[in-house]
Amino acid sequence: MDRIGVAFTGGGMSPHDVVRCVQLAEELGYDSAWVAEGHGGDQFSILTACALATSRIQLGTSISSVFVRSAPTIAMAAACVDHYSHGRFILGLGSSHRVQVGPEHGLEFSAPIPRVRDTIDVVRSLLRDGKLVDYQGEVTSIETFDLHFPVLRPELPIYLAAVFPKMLGIAGEISQGVLLTWCTPEYARIAAQYVAEGAAGVGADPASVEMATLLSVAAPGAGDGGMRRVAATYAGRFPRYRRLMSEAGFADEVEMVRRAWREGEIGQAEQLVPDGLIDRMSLPSDPGERRERLAEYREGGITLPIIAPRVSGPNAAESAQEIIRANAPAT
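Computed from a predicted model, the values in this text were never measured in an experiment.

Asker: Please clarify how the overall build of the protein chain should be interpreted in this entry.
Answerer: Assigned secondary structure in the protein chain consists of 13 helices and 11 strands. Relative to the 2.2 N^0.38 estimate, which gives 20 Å for 331 residues, the radius of gyration of the protein chain is 19 Å and therefore close to what a compact globule would have. The dimensions of the protein chain, computed from C-alpha atoms along their principal axes, are 55 × 40 × 40 Å. Looking at the 331 residues of the protein chain, the share that counts as buried comes to 53%. Contacts in the protein chain between residues far apart in sequence, at least 24 positions, make up 72% of those at least 6 positions apart. Only carbon and sulfur atoms are counted for the fraction: they give 50% of the accessible area of the protein chain, which is about 14,300 Å². Between the mean site of the 30 positive side-chain charges and the mean site of the 40 negative ones, the protein chain shows a separation of 1 Å.

Structure (structure tokens):
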């Protein structure tokens, strides 16, 4: 059976809605369920509820920011979800974005790569040893911290969100998996090569690093309107993804989207999103075309495609469940 995951980013769904969707995903044979950080509720709380309501499906964060929680807090949260899930938890970490960390959380965004390295080091040390004494990392200094509870697994898988070569290589060096998003099948092949080089550089087997990517799926009956809205948001707000979209062959169009977004013309920005971008960075609605596109991703090195329902409004939960059913893994 082909492995496939599902990810939730809010979209108007309540925490209870997400739990019901994860239960459905487990019933239909999905490999894993992932909960984003953003604005859709506290991911660790929701994943704990999912853990208590399921028994087989893997559960992960996609992603947890290394800026908005301290490294020891992340370690404790991860250990707790791992307990409740009986060892089914995957910790997805990333640097998030300057436009979120500062304006939305009131925190300084600086030295993202050193902070990612330090956070992974601290989390692994605390889970393994139960305590940390006089830790001096590149940007993180901790005098002492003790876990006052036993962990279920002293080592748990850590996946790293990455987009461009440097972070992809680091992910190959220090993580068990990579989490991509807005990735074309063509870029998947490029990303896999950078990850393999990073793994090989430290003597690790590149095949031991999971290559996962979130794949946007429009709500049933929404046409491309919902997808245009999401794509315009990412192109307008996030420089990292705007660059990825531009380098995929849509530089002029994405620049027009950015300008409209910056001027507050959100509707115009959505209409300016090129059809080709939507086609190459999301999954088709036609079942046959969708299978072909998933095959392209797998041929490009993706070992775990993750369906990301792009839903919103009062019927968001129903739309998400319909997407989950329509994209269930083949048995």
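Right, picking up where we left off after that structure.
Asker: Teacher, can you tell me more about helix α13 (residues 316–326) here?
Answerer: An α-helical turn contains 3.6 residues, so a residue and the one three or four places further along point in the same direction. Those residues of α13 lying buried are Ala316, Ala317, Ser319, Ala320, Gln321, Ile323 and Ile324. If you follow the buried residues of α13, they end up packed against β1 (5–8), α1 (15–27), β10 (210–218) and β11 (304–310).

Asker: What should I look at first to understand the pattern of salt bridges in this one?
Answerer: Two side chains carrying opposite charge are able to pair once their charged atoms lie near each other. Applying the stated rule across the entire model yields 17 salt bridges. Of the charged contacts, one joins arginine 3 and aspartate 31 as a salt bridge, the two residues approaching to 3.2 Å between their closest N and O atoms. Here the residue arginine 3 occupies a position in the segment before β1, and aspartate 31 occupies one in the loop between α1 and β2 (32–35), the gap between them amounting to 28 residues. By relative accessible area, arginine 3 is classed as partly exposed at 33%. A relative accessible area of 22% means that aspartate 31 is categorised as partly exposed. Connected via shared salt-bridge partners are Glu186, Asp279, Arg280, Arg293 and Glu296.

Asker: How do you make sense of unusual backbone geometry when you look at a structure like this?
Answerer: Of all residues except glycine, most have a negative phi; of all peptide bonds, most are trans. Of the consecutive residues serine 62 and isoleucine 63, the connecting peptide bond is found in the cis state with omega at 5°. Here isoleucine 63 is to be found in the loop between β3 (58–61) and β4 (64–65). The phi dihedral of serine 96 falls on the positive side, at around 60°, and the residue is not glycine.

Asker: Explanation requested: empty space enclosed by the protein in the structure shown.
Answerer: Here the idea is plain: a probe the size of a water molecule rolls over the atoms and shows the empty space left. For the coordinates displayed, the defined rule picks out 1 cavity of 30 Å³ or more. Estimates place the volume of the largest cavity at around 30 Å³. In this structure, the largest cavity is lined by Ala162, Val163, Leu180, Thr181, Cys183, Tyr187 and Leu244. When grouped by side-chain class, the residues that make up the lining of the largest cavity number 6 nonpolar, 1 polar and no charged.

Asker: I'm lost on the packing of aromatic side chains in this one. Help?
Answerer: Any two aromatic rings considered together are summarised by their centre-to-centre distance and by the angle between their planes. Per the stated rule, a full pass over the model turns up 7 aromatic pairs. Look at phenylalanine 44 and phenylalanine 89: their rings are 6.2 Å apart centre to centre, the planes differ by 50°, and that puts the pair in the tilted class. Residue phenylalanine 44 is found in helix α2 (residues 43–53), and its partner phenylalanine 89 is found in strand β5 (residues 89–94); the two are separated by 45 residues along the sequence. Using a relative accessible area of 6% as the deciding quantity, one classes phenylalanine 44 as buried. By relative accessible area, which is 0% here, phenylalanine 89 ends up buried. For the ring pair tyrosine 234 and phenylalanine 238, a centre distance of 5.4 Å and an interplane angle of 50° mean the geometry is tilted. Taken as a pair, tyrosine 234 and phenylalanine 238 share a single burial class, namely buried. Taken together, the ring pairs in this structure connect Trp182, Tyr234, Phe238 and Tyr241 into an aromatic cluster.

Asker: Help me understand the environment of alanine 162, please; the structure alone is not making it clear to me.
Answerer: Looking at the element boundaries, alanine 162 is found in the loop between β8 (158–161) and α6 (165–174). Judged by its relative accessible area of 4%, alanine 162 falls in the buried class. Distance from alanine 162 to valine 230, taken between C-alpha atoms, is 19 Å for residues 68 residues apart in sequence.

Rules behind the numbers
Residues numbered from 1 in each chain as written. Predicted model: local features only at pLDDT ≥ 70, side-chain atom pairs only at ≥ 80, totals over all residues. Heavy atoms only, no water. Helix = DSSP H or I, 4+ residues; strand = E, 2+ residues; numbered from the N terminus. Rg over C-alpha atoms; globule rule 2.2 N^0.38 Å. Buried < 20%, exposed > 50% of the residue type's maximum accessible area, 1.4 Å probe, protein only. Contact = heavy atoms within 4.5 Å. Areas by Shrake-Rupley, 256 points an atom, 1.4 Å probe, with all protein chains shown as cover. Lys, Arg positive; Asp, Glu negative; His and termini not counted. Charge placed at Lys NZ, Arg CZ, Asp CG, Glu CD. Salt bridge = Lys/Arg side-chain N within 4 Å of Asp/Glu carboxyl O. 1 Å grid on protein atoms, 1.4 Å probe; cavity = no way out; pocket = protein on both sides within 12 Å on 5 of 7 lines; lining within 4 Å. Points joined across faces, edges and corners; volume = space filled by probe spheres on them. Nonpolar A, V, L, I, M, F, W, Y, C, P; charged D, E, K, R; others polar. Phe/Tyr/Trp six-rings, centres within 6.5 Å; stacked < 30°, edge-to-face > 60°.

Everything listed here is a matter of geometry and, on its own, says nothing about what the molecule does.
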